[in-house]
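# Analysis of the macromolecular model
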Amino acid sequence: ETVRVFAPATVANVACGFDIFGFAVDQPGDEVVLTRRDEPGVTIVAILGDEGRLPREAARNTAGIAIQKYLEHIGRTDVGVDVILHKQMPLGSGLGSSAASAVAGVYAINELLGRPLSTIDLLPFAMEGERVACGSAHADNVGPSLLGGFVVVRSYNPLDVIRIDTPTGMHATLVHPDIEVNTKDARFILRNEVSLKNTIIQMGNVAGLIAGLMKPDYSLISRSLVDVIIEPVRAILIPQFDEVKQAALDNGALGCSISGSGPSMFALSANAEIAQQVGKAMQEAFLSVDITSELYVSEI
Ligand code: HSE
């Protein structure tokens, strides 16, 4: 018996919502193929598309650990599965690559066993994948990859995850420059203290973005896509950050910031045509310093 599951890439943080906002895109994404076997245990039999860089040991692989934790939780360690992981997106890209593998893995095992848990209850196991990938079990990539759409992680303890409606036709532009940023490093450089002044600004934008998405109100969305805490620190990891962001805004984007921990950058636009034009301009800004990039545009 075999199950094949695709889980999409995601944009975490969405400017002001560090570790609490994320949305899913249509592509790219990762695919997991699970095949049941008699001998108990989880074995990664093949990983395609990672240039041999990801751990093959199940307990250190994001899909493998998510499946193992799930089987332990439901008391089915008698089950045995062979896992094939098709990485269809770049590693260390800020597109939620580790999350997509974990989500595809845990969703696939739940299907294979006849769906004993509901989709939302799979989240903690996918978060374990994030823990092995970067040392922190954040849910802003796994949440939207699992549930689709725009997701708010209101609380981690207890876990409280909410799906938010987005305006019809709103599109995301994703530009992945051909450089790599390690999430662990990108978290390490952050300061632990935040000023009261910046906290107030950030809270205003967090509230404004959610209100803007739900009303919907494009001008409010645009004014709220601002991050005064994380982006100023991480921008130094991305060559041409200011120029790429300016190019997006000059071409009609509602806002532009770092996707997850970078180096990919995202922009939100009111429609597909603007989103394409914005993507072209962002790519050109990277290319002006000889950095090539991949472009993805999808409705969110
Ligand atoms: N919220 C996480 C971070 C996402 O920014 O570190 C990592 O993809």
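Before going into details, it helps to say that this report is about the structure given with it.

Definitions and limits used
- Residues numbered from 1 in each chain as written.
- Predicted model: local features only at pLDDT ≥ 70, side-chain atom pairs only at ≥ 80, totals over all residues.
- Heavy atoms only, no water.
- Helix = DSSP H or I, 4+ residues; strand = E, 2+ residues; numbered from the N terminus.
- Polar contact = N/O pair within 3.5 Å; in protein donor to acceptor, adjacent residues only side chain to side chain.
- Contact = heavy atoms within 4.5 Å.
- Pairing = 2+ DSSP bridges.
- Buried < 20%, exposed > 50% of the residue type's maximum accessible area, 1.4 Å probe, protein only.

### Looking at the side chain of Thr-173
Among the structural elements, Thr-173 can be located in strand β7 (residues 171-177). For Thr-173, the side chain forms a polar contact with the main-chain oxygen of Ala-275, separated by 2.8 Å. Not counting the four nearest positions on each side in its chain, Thr-173 is found in contact with Met-265, Phe-266, Ala-267, Ala-275, Val-278, Gly-279, Met-282, Leu-295, Tyr-296 and Val-297.

### Concerning the pairing of strand β6 (residues 159-164)
Sheet topology places strand β5 (residues 150-156) next to β6; 6 bridges connect them, and they run antiparallel. Within β6, the residue paired with Val-152 across the bridge is Ile-162. Counting the residues between successive antiparallel strands, the hairpin from β5 to β6 contains 2 residues.

### Remarks on unusual backbone geometry
Cis geometry marks the peptide bond from Lys-215 to Pro-216, where omega comes out at -15°. Positionally, Pro-216 belongs in the loop between α6 (196-214) and α7 (218-224). One non-glycine residue, Glu-51, lies in positive phi territory at about 55°. With respect to the secondary-structure elements, Glu-51 resides in the loop between β3 (41-48) and α1 (62-73). Residue Asp-290 is not a glycine yet carries a positive backbone phi of 65°. Tracing the backbone through its elements, the reader meets Asp-290 in the loop between α10 (272-287) and β10 (293-299). Looking at Asp-290, the relative accessible area reads 70%, which means it is exposed.

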